[in-house]
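# Overview (structure and organization)
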Amino acid sequence: MPVKEKKLDNLKKLLARHYPSVDDWARVEKAYALARQAHSGQRRESGESFISHPLGVATILAELGLDLTTVIAGLLHDVVEDTAVTLEEIRESFGEEIAALVDGVTKLSRLDFASREEQQAETLRKMFIAMAEDIRVILIKLADRTHNLRTLRYLDPRKQQEIARETMEIYAPLAHRLGIYKIKWELEDSAFRYMQPGAYYRLVDQLAKKRREREQFISRLINIIMKRLEAVGMTAEIQGRPKHLYSIYHKMKEQEKDLSEIYDLTAIRVIVDSVKDCYGVLGTIHAIWKPIPGRFKDYIAMPKPNMYQSLHTTVVAAENELVEIQIRTWEMHRTAEYGIAAHWRYKEKITDEREFDQKLAWLRQLLEWQQDYRDAREFIENLKLDLFTDEVFVFTPRGDVIDLPAGSIPIDFAYKIHTDIGHSCTGSRINGRLVPLDYVLKTGDMVEIITGKHSSPSRDWLNMVKSAQAKNKIRSWFKRERREENIEKGREMIERENRRLDYDLRDLLKSDLVEEVARKFNLQSADDLYGAVGYGGITVRQVIGRLREEYRRKYGLKEETLPQTRPEQRPPPSAPGVIVEGIDNILVRFARCCNPVPDDAIAGLVTRGRGVSIHRDDCPNLKAYRSESGRLLKAAWEKEAARAYPVTIEVAANDRTNLLADITAAISECKIQIAAVNGRAERDNTAIIHLTLSVKDRAQLEQVMSRVKKVKDIYSVRRHLYWKS
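Residues numbered from 1 in each chain as written. Predicted model: local features only at pLDDT ≥ 70, side-chain atom pairs only at ≥ 80, totals over all residues. Heavy atoms only, no water.

Glancing now at the overall build of the protein chain. When helices and strands are tallied, the protein chain shows 30 helices and 20 strands. Across the 725 residues that make up the protein chain, the buried fraction comes to 49%. In the form shown here, the protein chain has an accessible surface area of approximately 36300 Å², with 48% of it arising from carbon and sulfur atoms. (Helix = DSSP H or I, 4+ residues; strand = E, 2+ residues; numbered from the N terminus. Buried < 20%, exposed > 50% of the residue type's maximum accessible area, 1.4 Å probe, protein only. Areas by Shrake-Rupley, 256 points an atom, 1.4 Å probe, with all protein chains shown as cover.)

Next up, the structure:
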């Protein structure tokens, strides 16, 4: 039997378990016939006929137990992208549902993009948005990637590395998040093989030498457990499961250990009929061997977000070796292997889908992010950050479990609960103790958020929060509340960066170029673009990169050719490091109320008899003079300014012994000079400390503030303003 017919027969046998009807198989054969005809003459890099790939994808989907619609879409997933067959033809022959699935996995290869990186990011974004509407899109894509990795050896090394890296960054973590460990392990091991072939084959060789010894050891332990369970009248299936290669390598690297120091190379899995039996087996095993404190995890009582459930315990077994034992029911085992795919047929049989939808709640966030992230590359980066990092599980005061990305802080928690709670967050208590807002949450923490009626987000939060959800909400607040301010700030940031790079603003910031770049970010106007930069939705670097690309494309210039600033004679600075528009030979001084430093937006205020005072542009003391013509002057920092500027920061902390010593030590580590210190203790045991520092620019100030925030018992660190009464 030819290879193609053999693979098709194998697919038929897999599907016959759930779809024995002749009509069902006729639909599959119809899809196979179309795919074979469409891909006729095409070959894989391995030399095989191309139809072997869609057949392989459909077989993987059938092995996962997915529905017939998904299997048929798997057979057709490449025809729109790689052949003359259109989506409309798919729709007419197989219906809207299959057409939507094929469209969801089709690349955007026929559209015009500025770079391959942008095309790849847009393709991934499209796929994730389609996935949020129908989870089967990503199941097809995971099957597609799994089959491609099985023939990756036929590609050139550069392509192997590229595909392996994308697999490790996107697809393997996604399989983990969906709980499809059967796919996750294969993706990780295959990607590991091509990303780090030296480490991969060394590990394979080392494990081969220890395999027989490990198998004998695990076999002895299984016999001991089986006899004990039989003695108490319990039945179970016991398996020895070797850890997959990448898991072992990751553990060695993370813990800086050799293979000889990794004891749990094989886990023992005990599968029983009921939850009650799971805990009974756990008690029996702990009666045989001593458990390791802190290594027991009850994922039955507290399942992972990907629906995984099991009891995990690590014991000191015979020969003083550590062994991990997993205990689960057959239903839990099926979910552990196939994740969300195991629940798909269950979903088809129920009328109330709320429970199923709750398990995919994190996917619904993707639709919300689609509206907020204008740049596809930023969308993908935030997706990696939020969905594919490790997690922490914390509790609300009512005992509800909240999962967050590892490294999250109370502000992330506040926004996870409700947008308004995040916006009005002023502090938090962890396990009943007041902590600063940058406290890093740990699994098991009980988190309580303190809010204030008149509180609002701080721009500093964007650099503090870990979750993309919190970043989105903060940016949206600044976007909505301060549009005009954001537009002005964004324009200033872009102009300043262009000046730093010596580009001619009159050429590079022409209105038609800026409008075109705005459209590239799916924005309506130049003001929308400036506003997005101002509130942090798009970075200055992204905008300038697109401006350069657009300028070169429009004028047909080479990479290195860009409009340079025309040389001009600048007047001498009005004050050390500062230029004031239209002012020469007049006294200029820095205002003590706000202490501006380089990179702050600044303005000059004409005073009576004291020349011009330089303020931060957002200084509250300028508000009263904005309506007075001629009192406020434009000011800017001299490019090569190099001197120290005084600035005052306010530190709020829990008052304790050695607090000031710890703060000053942190500042000294940054090699910053302290000019003055003033502090007081409040009645609620809070210390308020004002420190005047000498810094070169805003970046150095932010560095020292960030370092001070890490000192124990610090609630907040901010720049201090002296307001006029």
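Looking now at the sheet that holds strand E12 (residues 578–580). Spatially, the five strands line up as an open sheet ordered E12-E16-E14-E15-E13, and their pairing is mixed. Edge positions in the open sheet fall to E12 and strand E13 (588–590), since each of these has one partner strand only. Between one strand axis and the next, the sheet turns by 35° as a mean value, whatever way the strands run. Strand direction decides the pairing type here: E13 and strand E15 (residues 612–616), joined by three bridges, are parallel. Residue pairing for E15: Phe590 is matched across the bridge by Ile614. (Pairing = 2+ DSSP bridges. Axes fitted to C-alpha atoms, helices over the stretch in contact; angles between N-to-C directions.)

This part covers the nonpolar core. Looking at soluble globular proteins, one finds that nonpolar side chains tend to be buried together. One finds Leu11, Leu15, Leu76, Leu142, Phe192 and Leu203 to be the most contacted residues of the largest nonpolar core, which totals 73 residues. In terms of residues, this core owes the most to one element, helix H10 (residues 157–177), which gives eight residues. If we skip the residues at most four places from it in the chain, Leu142 touches Tyr171, Ala175, Leu178, Ile180, Ile183 and Leu187. Leu404, Tyr439, Leu441 and Tyr535 belong to the second-largest nonpolar core, a separate cluster that totals 46 residues. (Core = buried A, V, L, I, M, F, W, Y, C linked by side-chain atoms within 4.5 Å. Contact = heavy atoms within 4.5 Å.)

Attention now goes to the side chain of His312. Along the chain, His312 falls in strand E5 (residues 311–316). Using a relative accessible area of 11% as the deciding quantity, one classes His312 as buried. There is a polar contact of 2.6 Å between the side chain of His312 and the side chain of Tyr308. With residues up to four places along the chain from it excluded, the contact list for His312 reads Arg295, Phe296, Lys297, Tyr299, Glu324, Ile325 and Gln326. (Polar contact = N/O pair within 3.5 Å; in protein donor to acceptor, adjacent residues only side chain to side chain.)

With that settled, consider the packing of aromatic side chains. Any aromatic ring pair is given by two values, namely how distant the centres are and how the planes are angled relative to each other. Here the structure, examined in full by the defined rule, presents nine aromatic pairs. On the basis of an interplanar angle of 65° and a centroid distance of 5.7 Å, the ring pair of Phe192 and Tyr246 is categorised as edge-to-face. Taken together, the positions of Phe192 in helix H11 (residues 181–195) and Tyr246 in helix H13 (residues 245–255) put the pair 54 residues apart, joining distant regions of the chain. One aromatic cluster is present, built from ring pairs that chain together Phe192, Tyr200, Tyr201, Tyr246 and Tyr249. Positioned over the ring face of Phe94 is Lys30, at 5.1 Å from the centre of the ring. The aromatic ring of Phe50 is capped on one face by Arg44, whose charged end is 6.0 Å from the ring centroid. (Phe/Tyr/Trp six-rings, centres within 6.5 Å; stacked < 30°, edge-to-face > 60°. Lys NZ or Arg CZ within 6 Å of the ring centre and 35° of its normal.)

Among the five residues that make up strand E14 (residues 602–606), four are buried, leaving the element largely enclosed by the rest of the structure. Sheet topology places E14 next to E15; five bridges connect them, and they run antiparallel. The residue of E15 that forms the bridge with Gly604 is Ile614. Sheet topology places E14 next to strand E16 (residues 632–637); three bridges connect them, and they run antiparallel. Each residue of the ladder has a partner; that of Ala603, found in E16, is Lys634.

The next thing to look at is the packing of helix H6 (residues 87–94) against helix H7 (residues 96–105). Two elements in contact, H6 and H7, have axes separated by 7 Å at closest approach and are oriented at 150°. At the point where H6 passes H7, the crossing takes the right-handed sense. Facing H6, whose interface residues are Leu87, Ile90, Arg91 and Phe94, H7 presents Glu96, Ile98, Ala99, Val102 and Asp103. Here the residues of the contact of H6 with H7 sort into six nonpolar, no polar and three charged. (Left-handed = near helix turned anticlockwise from the far one by under 90°. Nonpolar A, V, L, I, M, F, W, Y, C, P; charged D, E, K, R; others polar.)

What follows concerns the environment of Thr426. Structurally, the position occupied by Thr426 is in strand E9 (residues 425–430). In this structure, the C-alpha to C-alpha distance between Thr426 and Ser456, residues 30 residues apart in sequence, is 8.5 Å. Leave out the neighbours within four places in its chain, and Thr426 touches Leu437, Ile450, Thr451, Gly452 and Ser455.

Turning to unusual backbone geometry, a few remarks are in order. We note that Asn431 has phi near 55°; this positive angle belongs to a residue other than glycine. Tracing the backbone shows Asn431 in the loop between E9 and strand E10 (433–435).

All right, on to the confidence of the model for the protein chain then. In the predicted model, the protein chain carries a mean pLDDT of 79, and 81% of its residues have values of at least 70. Mean pLDDT across the elements of the protein chain bottoms out in helix H16 (residues 344–348) (43) and peaks in helix H14 (residues 275–288) (93). The low-confidence segment residues 565–574 (pLDDT under 50) makes 16 contacts with residues lying over four places distant or belonging to another chain. (pLDDT = per-residue confidence, 0-100.)

Okay, the pattern of salt bridges next. Enumeration over the complete set of coordinates arrives at 23 salt bridges. The residue Asp618 makes a salt bridge to Arg616 at a minimum N-O spacing of 3.2 Å. (Salt bridge = Lys/Arg side-chain N within 4 Å of Asp/Glu carboxyl O.)

What follows covers the sheet that holds strand E11 (residues 447–451). Read across the open sheet, the three strands follow the order E10-E9-E11; overall the sheet is antiparallel. The open sheet terminates on both sides in strands that have one partner only, identified here as E10 and E11. Pairwise comparison of adjacent strand axes, ignoring direction, gives a mean angle of 35° for this sheet. Sheet strands in contact with helix H20 (residues 410–417) are E9 and E11, and its direction is about 85° off that of E11.

Attention now goes to the pairing of E16. Of the two faces of E16, the one holding Leu633, Ala635 and Trp637 is buried and the one holding Leu632, Lys634 and Ala636 is not buried anywhere. Sheet topology note: the E12/E16 ladder contains three bridges and is antiparallel. The residue bridging Val578 from the neighbouring strand is Trp637, located in E16.

What follows concerns the side chain of Thr284. Positionally, Thr284 belongs in helix H14. Here the side chain of Thr284 touches Gly280 through a polar contact of 3.0 Å, landing on its backbone oxygen. Once you skip the residues sitting within four places of it in the chain, Thr284 turns out to touch Arg228, Leu229 and Val232.

Mapped onto the secondary structure, Val540 falls in helix H28 (residues 540–555). Taking the relative accessible area as the measure of exposure, Val540 reaches 16% and is therefore buried. Contact partners of Val540, with chain neighbours within four places excluded, come to Met493, Ile494, Glu497 and Val533.

All right, on to the packing of helix H3 (residues 52–63) against helix H9 (residues 136–150) then. H9 packs onto H3 with a crossing angle of 125° between their chain directions and a minimal axis gap of 9 Å. As summarised for this structure, H3 and H9 are arranged oblique, according to the angle between their axes. The handedness of the crossing between H3 and H9 is right-handed. Contact residues: Ser52, His53, Gly56, Val57, Ile60 and Leu61 in H3; Leu139, Ile140, Ala143, Asp144, Thr146, His147, Asn148 and Arg150 in H9. The residue inventory of the contact of H3 with H9, partitioned by class, reads six nonpolar, six polar and two charged. (Parallel < 35°, antiparallel > 145°, perpendicular 65-115°, else oblique.)

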